[in-house]
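Chain residues, written in single-letter form:
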Amino acid sequence: MSIEVEEKTPAPARAGERDRLHPEPRREPLVFERSGRGKTGYSLPPLDVPETLAIPKALRREAIEGETEISEVEVARHFTRLSRLNFGNDEALYPLGSCTMKHNPRTNEEMARLPGFAASHPLAPEEVSQGALELVWTLEKVLCELTGLARVTLQPAAGAQGELAGILMVRAALEKTGNPRKTVLIPDSAHGTNPASAHFAGYKVQELKSNVRGTLDLHVFEEAMTEDVAALMLTVPNTLGIFEDQILDIARIVHAKGGYLYCDGANFNSFVGIAKPGLMGIDVMHMNLHKTFSTPHGGGGPGAGPVAVTERLAPHLPRPTVERRADGTFTLDFDRPDSIGRLRTFLGNYGMFVRALAYIAAYGNRIGEVARGAVLNANYIRAGLTGVYHLKYDAPTLHEVVFSDKKQAAHGVHNTDIAKRLMDYGFHPPTISFPLIVRGALMIEPTETEGKPGLDAFIQAMREIARECEESPEIVLNAPHTTPVKRVDEVGAARNLILRWRP
Amino acid sequence: MLRAIGASSIEDLFASIPAEVRKSPDLPAPLSEIEIRRFMRGLSRKTANARETDFFLGGGLYHHSVSAIADQMLYRAEWLTSYTPYQPEVSQGTLQSIFEFQTHICLLTGFDVANASLYEGASALVEALLMAERLSRKRKKAVLSAGIHPEYRETVRSYFANLDLEVVEAPLGADGATDAAALEAAVDEKTFAVAVQSPNFFGVVEDWNSGSRAAREKHALSVAVVAEAVSLCLLSPPAVGLADIACGEAQSLGVPMHHGGPLLGFLACKTEHQRQIPGRLVGETRDKDGRRAFCLTLSTREQHIRREKATSNICTNQGLMALAANIHMSLLGKHGLREVALQCHAKAEYLKGRIARLPGYRLPFTGPTFNEFTVEAPVAAAPLLSRLAARGILAGVPLSRYESRDTNRFLVAATEMNTKEEMDRLVAALVHERGDLEVPPDPPEAR
Amino acid sequence: MNPEDLHYTQSHEWVWIDGGIGTIGITEYAQKQLGEIVYLELPEVGHIYNADEEVGTVESVKAVSELFTPLSGEVAEVNKAAVEEPGIVNDDPFGDGWLIRLKLSTDEEIGKLMSAEEYAEYVREEEKEK
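Residues numbered from 1 in each chain as written. Chains lettered and ligands numbered in written order. Predicted model: local features only at pLDDT ≥ 70, side-chain atom pairs only at ≥ 80, totals over all residues.

Peer 1: Just to check I follow, could you spell out the overall build of chain A for this structure?
Peer 2: Helix and strand content of chain A: 16 helices and 12 strands. On C-alpha atoms alone, chain A measures out to a radius of gyration of 25 Å, which is about the 23 Å that the 2.2 N^0.38 rule sets for 503 residues. If you line up chain A on its principal axes, its C-alpha atoms span 80 × 65 × 45 Å. Taking all 503 residues of chain A together, 60% fall into the buried category. (Helix = DSSP H or I, 4+ residues; strand = E, 2+ residues; numbered from the N terminus. Rg over C-alpha atoms; globule rule 2.2 N^0.38 Å. Buried ≥ 20, exposed ≤ 12 C-beta atoms within 10 Å, placed from the backbone.)

Printed below as a string of structure tokens:
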């Protein structure tokens, strides 16, 4: 069924037009290349104690040759210009599937910079760090309420570390029964961190083929679920955006064989505030504060990957946990003999906790609106592009949709080319080449923070590109045309590794 | 929009979620921006911090000056709201900044290859050890100096417990540095890595050569660990000390403490090992018009391609923190980085000297220190430090937090941020806390 | 398309047998799947392998593929020119893009390998599943 876009909205200014407005070359030398003898960009107070150098010469270095000599003005120019070679979510839709590129509220940036958070130290005495501990405890409680699970750890630095923590807790629990088991089951649609994390927990990975619907094949799974299997790692909804509606049956099968159901919560944005993983039979689940809970992506990190667990797994939480005493004060509990230990220093990516808690507090009991908006927007895009792009799996999808380049491949154009051409239209491309079960995948996740005009503009752009694939494919094959650099030679980069500047 | 989708209500779109699992959360009503600020400020006020106290805490996390421009630049939307540079054509800013960060780390460590950053110091050590294990082909034992940060060692054990790998610790000598003989004795043909930290957890500067010598004897790899990265600006680089891999925490180079996270792990190594390096790497190349450009490279080692055979399960790096560090290091540069390091050292030497001369207090270790040192008090350290904290002085980290028998010892760190007045105040407070009946006069230099 | 005088494996290696020496490489199909090859990790001369053991890797920008030896033997030679310029494997996978030469320890394993026709059929089945 073809859909007429309701409004004709002007496409965002293309990068080429920006070039005409800003004639300076869109290129910026390395900060080392801007360096020049005698320039300085810093000032320190004079030393108010005697000048001492009590380290033997053999243990000291010479000057740091090659390091910069540069002024503050040049630093300001350099990093401002570099920033303008970047596309960020504040510019236009950034529909990277599985990444949940929602708006990053600026008030959270200010909150994170409050002195009690930005300039405090986790090794200070507990009694003067009560505010910091209360924040951790509060966020944990809130995440328990959202997941319907009993306890949360905020220690893992990112989703992948959270996955490892989760599987390690499963392993610890099974070890207590005398048999850690040998295998973890993972659908072939899973994110690469899943098998990698299982491997680092000391498990062998067995891949489960998805069925024709793109979901878990219950028969295949039931056969694979033996008493040698420690856990099933399931992304809910899966990486195609499809909710495993047989989730209760799946949980039953896992538990019947004494295994654990692990949920990769990367896609929590699709049902947060609407459904609770704890009610689905999920035993352990990691979340991504930088996805569902709006902490900024910052060019690739930092993230934070809290893990929620049932009461049964709670003894194995990483050490220390934050506890609240009867008198209302907060303390760190290190006395946890069954803990899996620690996976990093200190309490976790604290600066992200502040942002996430501020975000959740802004929604409160209306946080379900996040999921509703996300699912509505993704389905709107799905409706707008169905028939234009090939949809391998037909099942209803929630907050993201995965098309493929099959129709366009008939004209010699592939998902990479489409992604590059989208840049000329002023959008960041969707995720390509993932999940692996869809060849030529285009994984689109608009999130709830995109308004209808932005969605319409995106749909319009994708439709025009589809037309270009038929009528003038060279323009797509040679894209991008208007970005600061054109298609980059990634093969050359790998064949001839240059990983640093040399003086 | 619903018409376009063909649904009659948004609820229809959730039909695939079974009714049994639906539940709205029991949370308070939404708060406005003003109310959230009030709430957060309340919590902040209940947390002692370096801006509002005399601050001497270290133990792997340090209070250094970060210039305004380094912080304010992070507010730019193009830096804050972008993501992993998978599409190089629209991410040259991020990619070039990471390339510059990699270069800074190379200049400081003396190596030719550094990655785009790791989560933080402890997991960076784990990654370095796993890298050494891959390169060693079938060896199973890692030797760690007892001078490595206890949380780093605990993290290594937590990871290794499930990987059939052994960890052995080499003790410190009386001077506070790793006992070289014990280290060599611990290394054998089953060892894939020898790891030493400098300055070590107790503040003592170690010789990288001791670790690399012990490793080389038995063809193991030498791993140099750094928790206070400003030390790299004054101390001999790990590559010069013949290490194979350097790793640790770069928070000191432009990242605020943030109550322990987000931080900035780093890893650098010799060119011959580069294909085994974990995490992201940015390489230089050309675009199709011949322009210089940057892109992620060697991604095939990473989890999104190799999956269970990946060198690591890492997905994110610490992009924003690496940018902050890049700006900070670029701004300070060749002269500033050294000057900051010299000031840290001079201030710590002053404070160390004054405390050493206090009757009842002693310095248990004789080895040279950079900006942190161990003090032994005449009374239990943790309660002493709590009393000082109540008076607005965060004087140090009690070792009893990690090792229950070191009840009287604590770590003190000084940086370019500490003034002479603050340090004199700390000394006076330590005198006051000694529990003597008589408070002796201050030593002559202080007057 | 697949030379008739070679034998093939399910992991897309080919082997040419001549007087007790097996020359091993990857097929045209394999190089096409991998894309432009950027790096080769090949075994050391003198190393002895059993059939089906992993002997090295072939790396492209988007994938790393393990290289398996179809037959048992001792490594007599590796293609240093290909290591220098991995693109040779893309350009001429059955000829100049050879990877390893093995001194075969037995001739009883050849029967397990596929003929050119069987391999072509195998690839057709694999393509259908995608």
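Peer 1: What's the story with the overall build of chain C in this structure? I'm lost.
Peer 2: When helices and strands are tallied, chain C shows four helices and nine strands. Taking 14 Å as the expected radius of gyration for a compact globule of 130 residues, we find that chain C reaches 14 Å, a close match to that expectation. Sequence separation of 24 or more characterises 62% of the internal contacts of chain C that already satisfy a separation of 6 or more. (Contact = placed C-beta atoms within 7 Å.)

Peer 1: What is the right way to look at the interface of chain B and chain A in this model?
Peer 2: A common measure of how large an interface is: the accessible area buried when the components associate. With 161 residues of chain B at the contact, the number on the chain A side is 167 residues. Considered class by class, the residues forming the side of chain B that touches chain A number 73 nonpolar, 50 polar and 38 charged. (Nonpolar A, V, L, I, M, F, W, Y, C, P; charged D, E, K, R; others polar.)

Peer 1: Honestly, the domain arrangement of chain A in this entry has me stumped. Any pointers?
Peer 2: Domain boundaries assigned for chain A yield domain 1 (1–26 + 92–113 + 367–503), domain 2 (29–83) and domain 3 (147–365). With centres defined by C-alpha atoms, the gap from domain 2 of chain A to domain 3 of chain A works out at 44 Å. (Domains from an automatic or database assignment.)

Peer 1: I tried to follow the sheet that holds strand β5 (residues 191–197) of chain B on my own but got confused; where do I start?
Peer 2: Hydrogen bonding along the main chain pairs the strands of a sheet, whether they run parallel or antiparallel. All names here are of chain B. Strand order in the open sheet formed by seven strands is β2-β8-β7-β6-β5-β3-β4, with mixed pairing between adjacent strands. Looking along the sheet, the strands with just one partner apiece sit at the ends: β2 (113–114) and β4 (166–170). Here strand β3 (residues 141–145) pairs with β4 via five bridges, running parallel. Following the sheet pairing, Lys-141 is matched in β4 by Glu-166. The strands touched by helix α6 (residues 121–136) within the sheet are β3, β5, β6 (221–226), β7 (245–249) and β8 (265–269), with β7 carrying the most contacts at an inclination of about 160°. (Pairing = 2+ DSSP bridges. Axes fitted to C-alpha atoms, helices over the stretch in contact; angles between N-to-C directions.)

Peer 1: Would you explain the sheet that holds strand β6 (residues 284–286) of chain A in this entry?
Peer 2: Residue and element names in this part refer to chain A. If you walk across this open sheet you meet the seven strands as β1-β7-β6-β5-β4-β2-β3, and the pairing is mixed. Pairing within the sheet leaves two strands with one partner each, and these edge strands are β1 (151–153) and β3 (204–208). Strand-to-strand twist across the sheet, computed as the mean angle between neighbouring axes with direction ignored, equals 20°. Bridge count between strand β4 (residues 229–235) and strand β5 (residues 260–264): five bridges; the pairing is parallel. In the sheet register, Met-233 faces β5, and the bridge partner there is Tyr-262. Along the sheet, helix α6 (residues 159–176) contacts β1, β2 (183–187), β4, β5, β6 and β7 (307–309); its crossing angle with β6, the most-contacted strand, is approximately 165°.

Peer 1: Explain the packing of helix α10 (residues 350–363) of chain A against helix α2 (residues 33–45) of chain B here, please?
Peer 2: Relative orientation and spacing of two packed helices are given, respectively, by the angle between their axes and the distance between those axes. Across the interface, α10 of chain A lies against α2 of chain B with an axial gap of 10 Å and an inter-helix angle of 140°. Between α10 of chain A and α2 of chain B, the angle falls in the class oblique. Considering only the axes of α10 of chain A and α2 of chain B, their crossing is right-handed. Along the contact surface, α10 of chain A presents Val-354, Ala-358, Ala-361 and Ala-362 of chain A, while α2 of chain B presents Ile-36, Phe-39 and Met-40 of chain B. Counted by class, the contact of α10 of chain A with α2 of chain B contains seven nonpolar, no polar and no charged residues. (Parallel < 35°, antiparallel > 145°, perpendicular 65-115°, else oblique. Left-handed = near helix turned anticlockwise from the far one by under 90°.)

Peer 1: Please clarify how the interface of chain A and chain C should be interpreted in this entry.
Peer 2: Contact residues are listed per partner, giving five residues for chain A and six residues for chain C. Considering only residue class, the side of chain A that touches chain C consists of two nonpolar, no polar and three charged.

Peer 1: I keep staring at helix α7 (residues 193–200) of chain A and nothing clicks. Help me out?
Peer 2: In an α-helix, one full turn covers 3.6 residues, which means residues spaced three or four apart are oriented alike. Residue and element names in this part refer to chain A. In terms of burial, α7 is a largely internal element, eight of the eight residues being buried. Restricting attention to buried positions, one finds in α7 the residues Thr-193, Asn-194, Pro-195, Ala-196, Ser-197, Ala-198, His-199 and Phe-200. Within two residues after α7, Gly-202 carries a phi angle of roughly 90°, on the positive side.

Peer 1: Before we go on, may I ask you to explain helix α9 (residues 208–217) of chain B in this structure?
Peer 2: All names here are of chain B. Restricting attention to buried positions, one finds in α9 the residues Trp-208, Ser-210, Gly-211, Ser-212, Ala-214 and Ala-215. In the core, the buried residues of α9 are packed alongside α8 (180–186), β5 and β6. Looking one or two places after α9, you find His-219, whose phi comes out positive at around 55°.

Peer 1: Could you clarify how one ought to interpret the environment of Arg-106 of chain A in this entry?
Peer 2: Mapped onto the elements, Arg-106 of chain A comes out in helix α3 (residues 106–112). By C-beta crowding, Arg-106 of chain A is classed as partly exposed, having 14 other C-beta atoms within 10 Å.

Peer 1: Would you mind going over the pairing of β2 of chain A with me for this structure?
Peer 2: Residues and elements named next belong to chain A. In terms of burial, β2 is a largely internal element, four of the five residues being buried. With five bridges connecting them, β2 and β3 associate as parallel partners. Bridging across to β3, Thr-183 finds its partner in Lys-204. Crossover handedness for the path β2 to α7 to β3: right-handed. (Right-handed = clockwise from strand over helix to strand, strands pointing away.)

Peer 1: Explain the confidence of the model for chain C here, please?
Peer 2: One rule of thumb: low pLDDT means the predicted coordinates there are not for detailed reading. All names here are of chain C. Residues at a pLDDT of 70 or more form 98% of chain C, whose mean pLDDT is 90. The element-level mean pLDDT for chain C is lowest in strand β7 (residues 64–68), coming to 85, with strand β8 (residues 73–78) highest at 95. In the model output, the complex is listed with pTM 0.92 alongside ipTM 0.94. (pLDDT = per-residue confidence, 0-100.)

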